[in-house]
2 protein chains.
Amino acid sequence: MSKSLLALAIIAALTATGATAATDQELRTKAAAVGLQPLPSTAPAQRDNPTSAEKIALGKMLFFDPRLSASGVISCNTCHNLGTGGDDNLPTSIGHGWQRGPRNSPTVFNAVFNKAQFWDGRAEDLKAQAKGPVQAGVEMNNRPTQVVATLKSMPEYGERFARAFPGEADPVTFDNMAKAIEAFEVTLVTPNAPFDQFMAGTDAALNSEQKEGLELFMQRGCTSCHNGANVGGQAYFPFGLIKRPGADVLPPEDKGRFAVTKSASDEYVFRAAPLRNVALTAPYFHSGQVWDLKQAVAIMGAAQLGATIDDAEAGKIAAFLGALTGTPPKVDYPQLPLETATTPRPQY
Amino acid sequence: MSKSLLALAIIAALTATGATAATDQELRTKAAAVGLQPLPSTAPAQRDNPTSAEKIALGKMLFFDPRLSASGVISCNTCHNLGTGGDDNLPTSIGHGWQRGPRNSPTVFNAVFNKAQFWDGRAEDLKAQAKGPVQAGVEMNNRPTQVVATLKSMPEYGERFARAFPGEADPVTFDNMAKAIEAFEVTLVTPNAPFDQFMAGTDAALNSEQKEGLELFMQRGCTSCHNGANVGGQAYFPFGLIKRPGADVLPPEDKGRFAVTKSASDEYVFRAAPLRNVALTAPYFHSGQVWDLKQAVAIMGAAQLGATIDDAEAGKIAAFLGALTGTPPKVDYPQLPLETATTPRPQY
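Reading guide: rules and limits
- Residues numbered from 1 in each chain as written.
- Chains lettered and ligands numbered in written order.
- Predicted model: local features only at pLDDT ≥ 70, side-chain atom pairs only at ≥ 80, totals over all residues.
- Heavy atoms only, no water.
- Helix = DSSP H or I, 4+ residues; strand = E, 2+ residues; numbered from the N terminus.
- Rg over C-alpha atoms; globule rule 2.2 N^0.38 Å.
- Buried < 20%, exposed > 50% of the residue type's maximum accessible area, 1.4 Å probe, protein only.
- Contact = heavy atoms within 4.5 Å.
- Areas by Shrake-Rupley, 256 points an atom, 1.4 Å probe, with all protein chains shown as cover.
- Lys, Arg positive; Asp, Glu negative; His and termini not counted.
- Charge placed at Lys NZ, Arg CZ, Asp CG, Glu CD.
- Core = buried A, V, L, I, M, F, W, Y, C linked by side-chain atoms within 4.5 Å.
- Phe/Tyr/Trp six-rings, centres within 6.5 Å; stacked < 30°, edge-to-face > 60°.
- Lys NZ or Arg CZ within 6 Å of the ring centre and 35° of its normal.
- Salt bridge = Lys/Arg side-chain N within 4 Å of Asp/Glu carboxyl O.
- Polar contact = N/O pair within 3.5 Å; in protein donor to acceptor, adjacent residues only side chain to side chain.
- Disulfide = S-S within 2.5 Å.

A. A look at the overall build of chain A. Secondary structure summary: chain A contains 13 helices and two strands in total. Over its C-alpha trace chain A gives a radius of gyration of 21 Å, about what one expects of a compact globule, namely 20 Å for 348 residues. By principal-axis analysis of the C-alpha atoms, chain A measures approximately 70 × 45 × 30 Å. Residues counted as buried form 59% of the 348 residues belonging to chain A. A sequence separation of at least 24 residues applies to 73% of the contacts in chain A between residues at least 6 apart. For chain A, the accessible area works out to roughly 13500 Å², and carbon and sulfur atoms hold 55% of it. Here chain A contributes 31 positive and 34 negative side-chain charges, whose respective centroids are spaced 4 Å apart.

Take a look at the structure:
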């Protein structure tokens, strides 16, 4: 969306939402009107990747398997920790050789509901995303041929890939690894947040501060970018639409989606952050430099809306955002296949 | 045990066990006579640490919590991965700053049955052990005051420590952290291995190769050091009793238990490795330089028994050792407490 269109959308949002206190039912109606949606309790299978219990179980093993990394130390769960909100709570992740990644690790929870993956949307879906960190030199630092050799060296993986991808002559492939991980990640949905309960009709699911926060969230125009089931993650916007944040929050060398499209209009453009479980995923922004959710709200007000959101208002909005914390998936920690003499040795 | 006493013990073992093929019942009787014991399905609570469901649940959270490390990246489970045999399958572990630790990470499974913890037995029990890696500069690189500050910053931990240590005025302590981790680790027992089933009377639980391997394991004197419920882990012995292995396997700078006792007789003395689940925990020895279990068996034969164990015999013994793989504990991956504004930031 261009800057002028976005500004128009924000004005429209401001017009659509009133500034006066609304009843609970009015609040629900407004929220639905501006595109805030309850989170489905399950997500559909993804393009070109029919799901099955076998595929999900395989994907869970792969997600937790550090042997997908060259070192044998780093798994998907290292940076997308299912016990800490689906991310790692670091400014930017630590990867192979203790290198720091360039951007904050986004949560894997509800990622299936995003329009595309990564901060710049360079992966169209989760299976495309899954191939990135495995190969990134600053993350898992592995090569597809090495990953496939590792997986093929363990008979149990061979059997599990065959069951997850029936009828394929050579089921242990890098593509199928990514598809299995996607199938598991599709299950990482956190329904039943207080906001969802409220939208389903339970007035008391939000306290008065959270309701005021919801109203402010709509009134100030936050929902222009943060909408849909994932309260964001649906489209790309310039960070610093009105006023560019400082270099600590918006480092000049990271031009965001420009790296994907090479279009000048995409300089410093990022995917609007999905705000589900945002209270669990500090620090904030692609740079991971802001630890306080209230402060993040105030920065967004100034940068995107040209608005001064004072401390009390930011507190209310942050309280509402806390009502987007849902029920995390229950995950049995998997027992992983046994290595054999032909398993490539860890390289570290 | 001194070298001469150990040599006598081996001779006694050789006398006690015959070289002829035994019936299944004879094999069981012999195995029991040389001190091989079935693994109990549960372990008792430990000294000065009564157990409770609350304490175990807290310990599980701490075990998986990377925020016990200074960086916020490394948890107990990083090097004692419950999905890969309770260890990390690396020669020596990677820790803070991508440093390599000095010794191979031992499995946490059944560690409660060891006489003492670490390769040199320098921790008398699991709660003493748990404090080590948290503070080691090459591992989690944290300080007790920082760990306690981290835990106290999260209200859910405060509540959980209070429930796990009822009646204590200040329950969130470094000691109690270690006690909770111990309480969880006491549950990490892997009963019902084929060997245990065999000892309980199921002849078919071991195949003929494994039975021959068991017989060889006793006949050659392996059980002089590897006995008890954990098939090892009960006493200290010089590595290289008869013939010192090469510097790759026994690096001269690591003098083992000498560092604990400062007694010259403890140079290159190590705790006999517990062999439960040994098929899951390559690479082998404190140096982690041997990947093949058969090769490890042959090295032990030469180093400890002065015996040449040929490839066929090593294969049989390795097959028997494979029958020591038990049923791993089922572990639900825990949801960890939420950080707050006062939680110390990751240092990395």
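And the narrative resumes.
B. Region of interest: the nonpolar core. Formed by 74 residues in total, the largest nonpolar core has its most connected members in Leu62, Leu82 and Met177 of chain A together with Leu62, Leu82 and Met177 of chain B. The residues touching Leu62 of chain A, leaving out its near neighbours within four places in the chain, are Leu68, Cys76, Leu151, Tyr157, Phe161, Met177, Ala180 and Ile181 of chain A. The next biggest cluster of nonpolar side chains, apart from the first, holds 43 residues, and it includes Phe217, Phe285, Ile299 and Ala323 of chain A.

C. Just the packing of aromatic side chains, in detail. Within the structure shown, the criterion is met by 19 aromatic pairs over all chains. Each residue in the set Phe63, Phe64, Phe184 and Tyr333 of chain A together with Phe63, Phe64, Phe184 and Tyr333 of chain B is aromatic and connected to the rest through ring pairs, giving one cluster. Over the aromatic face of Tyr348 of chain B sits the side chain of Arg100 of chain A, whose NZ or CZ is 4.3 Å from the ring centroid. The ring of Phe118 of chain B has Arg122 of chain B lying over it, and the distance from NZ or CZ to the ring centre is 3.7 Å.

D. Structural detail: the side chain of Arg271 of chain A. Residue and element names in this part refer to chain A. Mapped onto the elements of the fold, Arg271 is located in strand S2 (residues 269-271). Among buried charged residues, Arg271 stands out as having no salt bridge; its nearest opposite-charge side chain is Asp120, 8.0 Å away. A polar contact is formed between the side chain of Arg271 and the backbone oxygen of Ala116, at a distance of 2.6 Å. When neighbours within four sequence positions are excluded, Arg271 is seen to be in contact with Asn114, Ala116, Gln117, Phe118, Trp119, Gly233, Ala235 and Tyr236.

E. The arrangement of the pattern of salt bridges in detail. Using the criterion set out here, one finds 42 salt bridges over all chains in the structure. One salt bridge in this structure joins Lys127 of chain B and Glu182 of chain B, with 3.0 Å as the shortest N-O distance. Here Glu182 of chain B lies in helix H8 (residues 174-185) and Lys127 of chain B lies in helix H5 (residues 126-135), a separation of 55 residues in the sequence. Classification of Lys127 of chain B as buried rests on a relative accessible area of 8%. Three or more residues are tied together by salt bridges with common partners; here these are Arg47, Glu124, Asp125, Lys127 and Glu182 of chain A.

F. Just the environment of Trp119 of chain B, in detail. Residues and elements named next belong to chain B. Examined against the element boundaries, Trp119 turns out to sit in the loop between helix H4 (76-79) and H5. Taking the C-alpha atoms as reference points, Trp119 and Gly132, 13 residues apart in sequence, are found 13 Å from one another. Among residues more than four places away in sequence, those in contact with Trp119 are Arg103, Asn104, Pro106, Phe270, Arg271, Ala273, Phe285 and His286.

G. Focus on the state of the cysteines. Within this structure, the stated rule accounts for zero disulfides over all chains. This cysteine, Cys76 of chain A, is not joined by any disulfide, and Cys79 of chain A carries the nearest cysteine sulfur, 9.1 Å off.

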